[in-house]
Each structure stands twice: as C-alpha cells, then as structure tokens.
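Residue strings, one per chain:
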Amino acid sequence: VQIGREGAVVAEFTDSGASFDGNVSVDGNLEVTGNIEFSGDVGLGDGSSLSISGVNSNGGSVSFGSNAATSNVTVNGQLRANGALYASGGGDVTVGVSTGRIIIGPQGGASIGIDENEMQARSSGGSASTLYFNHEGFQISGQRKNQRA
C-alpha cells in the first residue's frame, strides 16, 4: 500500500514494514514491535517526554551513530545509572581542558578530568587548579588495605 501527496509517494506499507518520506506526527501512543530506525532527528514538543522501556531486555548494546561516527548524547537533567557506568574513551588526564576519560565541568572551561588512576582539577585556560576535598568541612580518612594500626 502506498500513500501519496502531490504525485510523490510519502508512505509505503509492505509485508516487511513501513517507510515514510517526510515528517511523521503521532498524537497518542506509538507502539513498535520489531525495529525502528531513524535517519534524522527525533524531536519532542514542549513538556513532552520520550520513554523507552524494554530496550534490549534480552541483553546487548544500545548504540548511537555508526562505526565511524562520533555521537554525542546530551542529558539536560539527571543521568541515572542503575549499575556500573563505564567510560572507555578519552585517555590520560592532563591539565588540558579536554583530556581524561570523564570530564566534569563545561566544555573548554574549568573542570575536573579523571582517568584510570588520576584526578586533575584545571582552570579554563588549561592550567592546574586546586582540587578541594570536603571543602565545606569534616574529615577525610584514608587507610591502605591490611595496614597495621
């Protein structure tokens, strides 16, 4: 089945699936059994949310981008991990503002960089900065495993 507009096919439904050329607007719930693939942006209206449940409920990976592409996921709000959070990109942390596996702070600004065995505070100009632990008070305790008292 094909649906056309002004002589052009804008939607096609076959035994193997459906394809759309242009925007698709859904007023209500959209339930998909099988795969869904996007080659453009997925946008939500003001006050809307996107809830995805059962993503790879049998295990596996969820990927953004293709093998050669660098993809960014932006979270405006809270990011919660109900398990370990792994960061495998980046590399060794230095005073450079874009180094480390995890960077906490604005892009190119004052930040803390973390790699496998280092944590570095740095200024927005790319120089070392003071790293405070419990700056507002209370004790910091550290003891090596099996250390004798």
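These notes cover the structure that comes with them. (Residues numbered from 1 in each chain as written. Predicted model: local features only at pLDDT ≥ 70, side-chain atom pairs only at ≥ 80, totals over all residues. Heavy atoms only, no water.)

All right, on to the overall build of the protein chain then. The helix and strand tally for the protein chain stands at zero helices and six strands. Listed N to C, the secondary structure of the protein chain is β-β-β-β-β-β in terms of helices and strands. Out of the 149 residues in the protein chain, the part that is buried amounts to 9%. Across the protein chain, contacts joining residues at least 24 apart in sequence account for 16% of those joining residues at least 6 apart. As displayed, the protein chain offers around 13600 Å² of accessible surface, 45% of which is attributable to carbon and sulfur atoms. (Helix = DSSP H or I, 4+ residues; strand = E, 2+ residues; numbered from the N terminus. Buried < 20%, exposed > 50% of the residue type's maximum accessible area, 1.4 Å probe, protein only. Contact = heavy atoms within 4.5 Å. Areas by Shrake-Rupley, 256 points an atom, 1.4 Å probe, with all protein chains shown as cover.)

With that settled, consider a nonpolar patch on the surface. Together, Phe13, Phe20, Val24, Val26, Leu30, Val32, Ile36, Phe38 and Val42 make up a nonpolar patch on the protein surface, roughly 840 Å² of accessible area in all. Note on placement: Val32 falls in the loop between strand E3 (17-20) and strand E4 (102-104). Judged by its relative accessible area of 40%, Val32 falls in the partly exposed class. (Patch = residues over 30% accessible without salt bridge, like charges linked within 9 Å, V, L, I, M, F, W, Y side chains within 5 Å. Salt bridge = Lys/Arg side-chain N within 4 Å of Asp/Glu carboxyl O.)

Once that is clear, we can look at the pattern of salt bridges. Throughout the structure, instances matching the rule amount to one salt bridge. With a closest N to O distance of 2.4 Å, Arg101 and Glu116 form a salt bridge. In this pair, Arg101 is assigned in the loop between E3 and E4 and Glu116 in the loop between strand E5 (111-114) and strand E6 (119-122), connecting sequence segments 15 residues apart. Judged by relative accessible area, which is 57%, Glu116 ranks as exposed.

A word on the pairing of E5. Along E5, the buried face is formed by Ser111 and Gly113; none of Ile112 and Ile114, which line the opposite face, is buried. Examined bridge by bridge, E4 and E5 share three bridges and lie antiparallel to one another. Note that in E5 the partner of Ile103 across the bridge is Gly113. Adjacent in sequence and paired antiparallel, E4 and E5 are bridged by six residues, among which Gly105 carries a positive phi angle near 135°. The sheet contact formed by E5 and E6 spans four bridges and is antiparallel. Within the sheet, the bridge partner assigned to Ser111 lies in E6 and is Arg122. (Pairing = 2+ DSSP bridges.)

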